[in-house]
Amino acid sequence: VGSQMRACTRLVVWVLAAAVALLVLLNYAHLRAAPIRIPVGAASSGSIAGAATAAAAASGGAAAGAASSSSIAGADTAATAAAGGSGGSSSSDGGCARALPMRIVGWYNMFVPWGELTAVTPLLQEHMGQMRYTAVFSQTSEVKVQLIVHPDESAGARELVRDNLGEKAVINLEADVGDEGTTLFPLWEFCRKEENANAIVWYLHDKGSFHNSKLNADLRRSLTDVVLTQDCLDQLLVHKHHACGMRFVHEPIAHFPGNMWIARCDYLRFLPDPKTEHGERCGDSFTYRFRVGPQPSDWTDCFDDWCVGGGRQRFENWIGYLNNANMSDCLGVIHASPDVYIAYHSGYGALDDWHQYGLQCTSAPKSEFLEGFASGKFGHQPKFIANFLRCANAVWQSNLYEFGLANTTRTPSCGFDAQQEAPA
């Protein structure tokens, strides 16, 4: 009798377990089939204080605290629940009520040095192949490719794109000369269109095609891996950050080192024209100064272009122009001791493989950088730190003057700021 009762008990347990498993699968299928939307203006936007003037300044932009999602549909459900509404539309203020579909669109700046298509083909095949096997690419509706190539190699480059990105690839523009602005400008115009206000866009470029080195290859692979993770996407969908990348820092400029990221159009549409120079070159040198006030003497000192985002460096600084942006990054920081942090900051240092730091998606700049950079916890020399902070302060003051945005917390509604029209 005892053995029969044990057998019956086991049978009941197995039946209950099977029922629970079936319910989980049905619920998952329901979430995967849910409509893809972002509730417009559902969550508040954090602010980033000027690490330039005080490296230990506090950053707002706390995450919304919702659980991470394994799909866009799941993230939409979590974001809607956190917002306390049904999602898909905002309240009617200023004629902003709308229910727009959310979609993900990729933008790829593909540069081929003249006459070098054969030489860079392995790099391009690797990079596009890496994109295809990511969580974000699988949810991307199309990839707009800005092709910068010599006309004689145009046909081969187009075939390379089709073979490696498949039917999602669209040659959005072809030119024989160009730079990152060749892609960032149409990306910005795309986001400024009302029908794309709820879109998510990611931006990558074939770093290393001009200088194919191990350092460039390591950085390109790491950036692509992290930017196209579900974790980074969830920072936009669930936690309502404006943009996410591998690392976001304020020193010497507010930027994602390497300039690859994923971002919300309802933030990007309020940025200035990415092709516009916002500084003035100092003579014939690669140094720039910036206006910080209306008086003739209201200019910064002259700084190296890389240190203040002058010249071609402005493309990296572009996404961080607004001082109150709510950014996120996903590369961890190793706490070797209370006084020593080990992390990738910018450039090429300490980045053979991003996996050594792990994924840790949080508001950015991370607290370790806000309190640890100026105090030398990352091992930088005092002279180096002082120069970075001088550059960061100049850029902060210039952006504040040129774009009129103080360091205040804003609540997005119908875009980045309901009280502000998109720039003409």
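Placed above this text is the structure.
Calculation rules
Residues numbered from 1 in each chain as written. Predicted model: local features only at pLDDT ≥ 70, side-chain atom pairs only at ≥ 80, totals over all residues. Heavy atoms only, no water. Disulfide = S-S within 2.5 Å. Helix = DSSP H or I, 4+ residues; strand = E, 2+ residues; numbered from the N terminus. Buried < 20%, exposed > 50% of the residue type's maximum accessible area, 1.4 Å probe, protein only. Pairing = 2+ DSSP bridges. Contact = heavy atoms within 4.5 Å.

Structural notes on the state of the cysteines
- In the structure shown here, the tally under the stated rule is five disulfides.
- At a sulfur-sulfur separation of 2.0 Å, the disulfide partner of Cys-232 is Cys-244. Between Cys-232 and Cys-244, the S-S dihedral sits near -110°, and the bridge is therefore left-handed. With Cys-232 in helix H8 (residues 230-237) and Cys-244 in strand S5 (residues 243-245), the pair connects residues that are twelve residues apart, well separated along the chain. Accessibility classification places Cys-232 together with Cys-244 in one group, the buried group.

A closer look at unusual backbone geometry
- Following Ala-364, the chain continues into Pro-365 via a peptide bond in cis, with omega recorded as 0°.
- You can see Pro-365 is positioned in the loop between strand S13 (359-364) and helix H12 (367-372).
- Not every positive phi belongs to a glycine, and Lys-240 is a case in point at roughly 65°.
- Locating Lys-240 in the fold gives a position in the loop between H8 and S5.
- Its relative accessible area of 6% is what places Lys-240 among the buried residues.
- The residue Asn-259 is not glycine, and still its phi comes out positive at about 55°.
- Along the chain, Asn-259 turns up in the loop between S5 and strand S6 (261-264).

Focus: the sheet that holds strand S9 (residues 303-304)
- Taken in spatial order, the three strands of this open sheet run S7-S8-S9, and their pairing is antiparallel. A strand with exactly one partner marks an edge of an open sheet, and here the two such strands are strand S7 (280-281) and S9.
- By the bridge criterion, two bridges tie strand S8 (residues 287-289) to S9 in an arrangement that is antiparallel. Paired with Thr-287 across the bridge in S9 is Asp-304.

Section: the side chain of Arg-220
- The topology assignment puts Arg-220 in helix H7 (residues 214-227).
- In contact with Arg-220, other than residues within four places in its own chain, are Leu-123, Glu-126, His-127, His-205, Asp-206, Lys-207, Gly-208 and Met-260.

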